[in-house]
Structures are given as C-alpha cells and as structure tokens.
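Residues per chain, in single letters:
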Amino acid sequence: MRGQAQQVEGKGALGRDTGGAMGEKVEEFHTVYHPKPGPGGAIIKIESFSLWYGATQALFDVNMEVERGLVTALIGPSGCGKSTLLRSLNRMNDLIEEVRISGQIYLDGEAIYGSKVDVIGLRKRMGMVFQKPNPFPMSIADNVLYPLKVDGVRDRAVLEETLERALRAAALWEEVKDRLKENALKLSGGQQQRLCIARAIAGDPDVLLMDEPCSALDPLATGKIEELIYELKGRYTIIIVTHNMQQAARVSDNTAFMYLGRLVEYGETARIFTNPIVPWTMDYVTGRFG
Amino acid sequence: MGYAPLHRQLEKVKEDLLKMAAMVEQAIEDATRALINRDVELARAVIQADKRINALENEIESDCIRLLATQQPVAVDLRFITSAMKINTFLERMGDQAVNVAERAQELMEMEPFDVPPTLYRMALVAKEMTRQCLDAFVKRDVALAYQVCARDDELDALNRHLLEEMIHWMMRENRVVLRGVELIIAGRHLERIGDEATNISEEVVFLVEGLVIRHKGVGKEKPAE
C-alpha cells in the first residue's frame, strides 16, 4: 500500500495548475510516505478511503497507517479534509446527512465501517476532544465519570479510582481535588479543556482524537495541553488536527500534510519541518503556500 | 513555564557536547604522549578515535537543527542552541588538531630519537586545561571562568613563540635537525590553534549567558568594567 502511485487525470494532480511556487507541473499524484515507526506497529489502517458530502468529494483515496503510541498531527489549509478524516475515524460523520464513503478503516485489524459495528463502543475506544472545551453543565466529578455512568457502572470504588486516575492523567487533579462537586463551567478555559481530556481518558480509550484542542486557549493553557500530550503519548495513540503548524512540529512524532482532500505527504515530523520531500509540503510549512 | 520536552532535549545536547569535549581532551593528551614516547599505537588510536568525534558532531548538529525546526526556541533557549552548534564545530576542529599532532608524532617516529622540548609538553597541558575549562564554563554558565580561558590563550601564544625561538636556535646550531625542528614547530602550531578554539568557545559562553558579543572587540582578555 505504501508508496503506491495513483494517476489522476486533468490539469495537475490537485486539480489546479501546480506551476508557480514549484515551477513545474505535476501530472501524477503520489502520496509520499516516511513515517517514524512506533514500537507497537500500526493501530489504525486507512485504506483507499474517500468521502463525499452529497455531491462534493471531501476525501480522495486516503491511504495511511497510524502508529500505535505515537502522536500524529494532521495539518493543511482550511478545507483540506483533515477534520473530516479525523471524524471519519470514530464515525462522527455518520451524524451528518448525505455522507457517503468508500474504502475502509481498520482499528486493530477490525473494520470500523460495517453494519454490525458497535458505533458507541467504537467511539469509546476513540475518545475525542474538540476545539472548544465542552464540559457538561454538571459537577467536575460527574463530567469525568460520565462515560462510566452511561455504561451503568455503580461501584463507588471503581468510580473514585477512575476519577482520580483520569484527572491526574489530565494534569488537573491538583487544581480541582478540593472542589470536585463544583460546577465544571466555573473552571477556566484551559482547565475545562483538560477536564474534557480527563473525560475522554476515563472511558479508557486506545486512541485520543483531538480536533484543534488549543485554538480557543491562551498560550499558557496551550503550553499545558501540549505538555499533557507529551505525557499521554505512549499510553495512548494521539491524533491531533491543528491549524498551528508550530504546534504540530512541537508535539507530534509523525505529521500528515493534506491538501484538497488528499494526503500529500505523511512522514516523520522532524523531516517534514526540516526537509520535506514534496514541494507542496515545503511551500505550506514555510508559509509560501497559495 | 517552559515546555518540558524542549528542556529535556537541550540537556541531551549539553551532555553530548560534554562527551565530545572529554574525547577531545583525551585526544590532545594521547597525541602529545604519542609524540613524547614515540608510541606508534597511541598515535594511531588518536586518529581512529577522531571518527567517533566526527560522528558525534553530526549527531549534535542534526539534533540542534531538529530542535530549531520543531520547537521554536526563543531567548536563552535559542542562544543555547546557536551557541551549542558553534561549540560543536569548534570542538570538532580541536579534535582535528589533535589528529594533526598525532600525525606529526608519526612523522617524528621515523626520525632519529631526541628529547622533546618541555615547552611543547607545557603547551599540550595548557591546551588540554583550556579545553576542559571552556566546557566547564559552558556547563556552569560561568562567565568569569570563560574570561579566564580567554586570558590563558595569551599564555599559550607566549609558549608557542618560545618554542619557535628554541627550535630556530636548535636548527641554526645543527642543520641535520631541521626536519625534526620543523615538525615540532608545526605540532606547536596545532596546539596553539586548540587554544584559539577554546577561546572561541569561551566567547560563546559569554554570549550564551549575557547575550553579549565579545568577539573581535578586544574585550576577550578580561571582563570589561561595568
């Protein structure tokens, strides 16, 4: 699968004249792969995945393997499909009408698109953190324990243990341990975001999907979330969508650059930000794009 | 607050530079000892060991470039990385100078035995000490020590001039020693260059700690008055 070349018809692979910055027309489209392998192999395999919103195609034949335990960043200009790809991983796109897909995504070898797949169970294995912190209007403790309570867990010992473990893992325990019964909406934006991460962790997922988790936060809160991502990697596979290229550079092991619904280059972050292979990637990371 | 991963990785760069400095110190000592004791094996070992110094130089450089590209360091972290990259280059050149001394030792072994002038031995000692001290200054961010190293360069230069005079006298007395005299002058010159590189490193330390450029300003020899 890796290194497979696909012929795309028309004027340039990405549907535009690709002269200009690159100074040459590219008639073929290849995704270029050089990801850093993780210690545990691939956890997610995306195979020939395409997605349409009605008549509009948003993803074009994406092939990609996400390495277990590493942080993978998805970058690219607005509308490139990075959030769509992220939401395809836990089938959040099912909630949108007129979405059609082809191809398949595997989590630990199991196909996630199929009529018999337990979508709720899938979303539990892939915790999600959104752009804006979205705590529920309830106490800090109830927020964290929400996934367990939905599952009908009543054992106090289990609940208490999970509460502390999740809040510690999200680096929030010391700040809230004396006010667990307080309404979560009283927390600062950065604390609310860490609370959402704690809630995602409480369900004991394999993968954490983060969709612009810092874009609503100030630099200090952003720094804390980035440090948290660093602490959580290894235990969890993290996939982060970000508009902030510097953030992708700082926190991730591998970076996928997407453009016009296609995966252009997927490789080791240090390489992407020092010496990317595809000229489009170079133009994007150096701010010469468009 | 800082970003922990960056700081941890800067520690690694620091440790690698220290490792490299220790290798360079050893190379200076071994090259000089090879020259004095006519030790073929030791001279060869110095030349071999330089490959490890070179490999470490490459590793440190690529680590620094990666950190610049991915971590966007600012202020003292930025100065640390740019200084580390220069110190890296200076240290590698010091290793090359030690190799040059080892090569002089190899040439001299082919010639008639003679007593190595104590001045050369003294130069090697000063060069080695300057190497250790400039890296100590870097690690401890010790500006006073950095200025001391700059000052010691004068001592090394004076020893080098002294060696040159001794060799000229020796060669004028007996012209059959000219080849050996020239080799020793060149060896002295290499040791003197090591002192220059140690001075460069010390100047980087002042820049790192105080953000102050003292290169080419004639203030390197002593700490300027406040």
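It should be emphasised that the depicted structure is a prediction, and the values quoted were computed from it without experimental measurement.

1. Some details on the nonpolar core
Phase 1: Core analysis: the largest hydrophobic core is formed by 69 residues, its most contacted members being L35(B) and L91(B).
Phase 2: For this core, the elements supplying multiple residues, two or more each, are helix 1 (4-37), helix 2 (40-71), helix 3 (75-109), helix 4 (118-140), helix 5 (143-173) and helix 6 (178-210) of chain B.
Phase 3: Excluding its chain neighbours within four sequence positions, the residues that come into contact with L91(B) are L17(B), M20(B), A21(B), V24(B), L135(B) and I201(B).
Phase 4: Core analysis: the next-biggest nonpolar cluster, separate from the first, contains 53 residues, F29(A), I201(A), A202(A) and M210(A) among them.

2. Re the pattern of salt bridges
Phase 1: The full count for this structure, using the stated rule, is 41 salt bridges over all chains.
Phase 2: For E164(A), the salt bridge identified is with R168(A), shortest N-O distance 2.8 Å. Note that E164(A) and R168(A) are positioned in helix 4 (residues 156-169) at a spacing of 4 residues, about one turn of the helix.
Phase 3: The class for E164(A) is partly exposed, based on a relative accessible area of 30%.
Phase 4: Counted as one network, the salt bridges with shared partners bring together K12(B), D16(B), K19(B), E59(B), D63(B) and R66(B).

3. Examining the packing of aromatic side chains
Residues and elements named next belong to chain A.
Phase 1: Following the criterion strictly, the structure yields 6 aromatic pairs over all chains and no others.
Phase 2: Ring centres of Y33 and Y266 lie 6.5 Å apart, and the angle between their planes is 85 degrees; this geometry places the pair in the edge-to-face category. Placement of Y33 in strand 3 (residues 32-34) and of Y266 in strand 13 (residues 262-268) is noted, with a sequence separation of 233 residues between them. As far as the burial class goes, Y33 and Y266 line up, both buried.
Phase 3: Here the guanidinium or amino end of R100 rests over the ring plane of W52, the centre of that ring lying 4.5 Å away.
Phase 4: Taking the ring centre of F60 as reference, the NZ or CZ of R262 above it sits at 3.9 Å.

4. A short note on helix 4 of chain A
Given 3.6 residues to a turn, an α-helix orients residues that are three or four positions apart in the same direction.
Residues and elements named next belong to chain A.
Phase 1: Taking 1.5 Å per residue as the helical rise, helix 4 with its 14 residues ought to reach 20 Å, and the 20 Å between its terminal C-alpha atoms agrees with that figure.
Phase 2: Looking at helix 4, one finds that the buried residues are L159, T162, L163, A166, L167 and A169. Along helix 4, the residues classed as buried sweep out an arc of 155 degrees about the axis, all on the same side.
Phase 3: Lining the buried residues of helix 4 we find helix 3 (140-150), helix 5 (173-176), helix 6 (189-202) and helix 7 (219-232).
Phase 4: A distance of 3.0 Å separates the backbone nitrogen of A157 from a side-chain oxygen at the start of helix 4, and that oxygen is part of D155.

Here is what the cut-offs are and how they apply
- Residues numbered from 1 in each chain as written.
- Chains lettered and ligands numbered in written order.
- Predicted model: local features only at pLDDT ≥ 70, side-chain atom pairs only at ≥ 80, totals over all residues.
- Heavy atoms only, no water.
- Core = buried A, V, L, I, M, F, W, Y, C linked by side-chain atoms within 4.5 Å.
- Buried < 20%, exposed > 50% of the residue type's maximum accessible area, 1.4 Å probe, protein only.
- Helix = DSSP H or I, 4+ residues; strand = E, 2+ residues; numbered from the N terminus.
- Contact = heavy atoms within 4.5 Å.
- Salt bridge = Lys/Arg side-chain N within 4 Å of Asp/Glu carboxyl O.
- Phe/Tyr/Trp six-rings, centres within 6.5 Å; stacked < 30°, edge-to-face > 60°.
- Lys NZ or Arg CZ within 6 Å of the ring centre and 35° of its normal.
- Expected span 1.5 Å × (residues − 1).
- Arc of directions from axis to C-beta.
- Polar contact = N/O pair within 3.5 Å; in protein donor to acceptor, adjacent residues only side chain to side chain.

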